[in-house]
Amino acid sequence: MLVAGFPAGSFQTNCYVLAREAGEACIVVDPGQDAVEPLEALLAEHRLTPVAVLLTHGHFDHTFSVAPVCDGNDIPAWIHPEDRDMLADPMKGISAESAALFGGRLELREPRSVELLTDGSDLELAGLTLRVDHTPGHTRGSVVFTTPSDDGTEVILAGDTLFAGSVGRTDLPGGSHQQLLDSVRDKLLVRDDSGFVLPGHGPTTTIGRERATNPFLQDLGEQPARRGL
């Protein structure tokens, strides 16, 4: 399996590309702010043809470039129905501080083709099978995508649900700290320790490492600063 990515835009949101191997079809995950040019370079480098964009949630730092990427390649975007409204109205999920950066208004639009994700379903795309797990907490429609690598290790696209040493913020519209912890416990900590986590921000990690060391999963008191929008 080919997995590649880069941090995009002022929020350094990780955009990922997954394919069976170079020269084949691929999926794109979370094309954020200023992602179009580096994504095109990555696709050209590995001779990949995108067939779909998958969105872990609706915050604009993960969806900023979804319309040009989808419409430019005539492919659909997949998102959970609870977060779909943010594609066209990103202010519905934004903090006051973030809104101020854009003069109180940020206008985006849906791609021409939008497909809706269902909890527990399997997507068959680009020769890959990706399981969809609804993980509300960061947003109402946050999801995690999981696909097996060539050696059987789970590759987990965690969005802003779980980071290396942290979890997603829950103080934005639709956020719930308890829901987030429940999602991590019920949908991620049930995985094998070898599960390889590709988060929405920051470095990669594993389920075992987070189980053992992530302070958010050990103690519900005061915690370190969280990443994300």
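As shown above, the structure is provided for reference.
Residues numbered from 1 in each chain as written. Predicted model: local features only at pLDDT ≥ 70, side-chain atom pairs only at ≥ 80, totals over all residues. Heavy atoms only, no water.

(A) Region of the structure containing the overall build of the protein chain. Summing up its helical and strand segments, the protein chain has 7 helices and 14 strands in all. Its C-alpha atoms give the protein chain a radius of gyration of 16 Å, within 12% of the compact-globule value 17 Å for 229 residues. Taken along its principal axes, the extent of the C-alpha atoms in the protein chain is 50 × 45 × 30 Å. Each of the 229 residues in the protein chain was classed as buried or not, and the buried ones make up 54%. Carbon and sulfur atoms provide 48% of the accessible area of the protein chain, an area that totals close to 9,400 Å². The distance from the centre of the 17 positive side-chain charges to the centre of the 34 negative ones in the protein chain is 3 Å. (Helix = DSSP H or I, 4+ residues; strand = E, 2+ residues; numbered from the N terminus. Rg over C-alpha atoms; globule rule 2.2 N^0.38 Å. Buried < 20%, exposed > 50% of the residue type's maximum accessible area, 1.4 Å probe, protein only. Areas by Shrake-Rupley, 256 points an atom, 1.4 Å probe, with all protein chains shown as cover. Lys, Arg positive; Asp, Glu negative; His and termini not counted. Charge placed at Lys NZ, Arg CZ, Asp CG, Glu CD.)

(B) Quick peek at the pairing of strand S8 (residues 128-134). Across the 7 residues that make up S8, a large majority, 5, are buried. With antiparallel pairing between neighbouring strands as the criterion, strand S7 (residues 122-125) and S8 make up a hairpin whose turn holds 2 residues, including Ala126 at a positive phi of roughly 55°. Sheet analysis places S8 next to strand S9 (residues 143-148), joined by 4 bridges and oriented antiparallel. By the bridge assignment, Val132 is partnered in S9 with Phe145. (Pairing = 2+ DSSP bridges.)

(C) Region of interest: the sheet that holds S7. Spatial ordering of the open sheet is given by S7-S8-S9-S10-S13-S14, a layout of 6 strands whose pairing is mixed. Lying at the two open borders of the sheet, with one neighbouring strand each, are S7 and strand S14 (205-206). Here S9 runs beside strand S10 (residues 154-159); their pairing, made up of 4 bridges, is antiparallel. Bridge pairing links Phe145 to Leu157 in S10.

(D) Representation of the sheet that holds strand S5 (residues 77-79) in the model. In spatial order, the strands read S1-S2-S3-S4-S5-S6; together these 6 strands make up an open sheet with mixed pairing. Of all the strands in the sheet, just strand S1 (2-8) and strand S6 (114-116) have a single pairing partner and so form its edges. Strand-to-strand, the axes of this sheet are offset by a mean angle of 25°, without reference to chain direction. Sheet analysis places strand S4 (residues 49-54) next to S5, joined by 2 bridges and oriented parallel. Looking at S5, one finds that Leu54 is bridged to Trp78. Across the sheet, helix H3 (residues 66-73) touches S4 and S5, and the angle it forms with S4 is around 140°. (Axes fitted to C-alpha atoms, helices over the stretch in contact; angles between N-to-C directions. Contact = heavy atoms within 4.5 Å.)

(E) Helix H6 (residues 177-188), seen in detail. Under the 1.5 Å per step criterion, the end-to-end length of H6 is 16 Å for 12 residues, consistent within 8% with the ideal 16 Å. Listed as buried for H6 are Leu180, Leu181, Ser183, Val184 and Leu188. Along the long axis of H6, the arc covered by the buried residues comes to 155°, so they all point the same way. In this structure, the buried residues of H6 make contact with S9, S10, strand S11 (162-163), strand S12 (166-167) and helix H7 (207-213). (Expected span 1.5 Å × (residues − 1). Arc of directions from axis to C-beta.)

(F) Expanded view of the pattern of salt bridges. With the rule as written, the count across this model stands at 13 salt bridges. With a closest N to O distance of 3.1 Å, Asp133 and Arg131 form a salt bridge. For Arg131, a relative accessible area of 27% corresponds to the partly exposed category. Residue Asp186 is joined to Arg185 by a salt bridge in which the shortest nitrogen-to-oxygen separation is 2.7 Å. Asp186 gets classed as partly exposed once you look at its relative accessible area, which sits at 42%. Counted as one network, the salt bridges with shared partners bring together Arg131, Asp133, Glu154 and Arg191. (Salt bridge = Lys/Arg side-chain N within 4 Å of Asp/Glu carboxyl O.)

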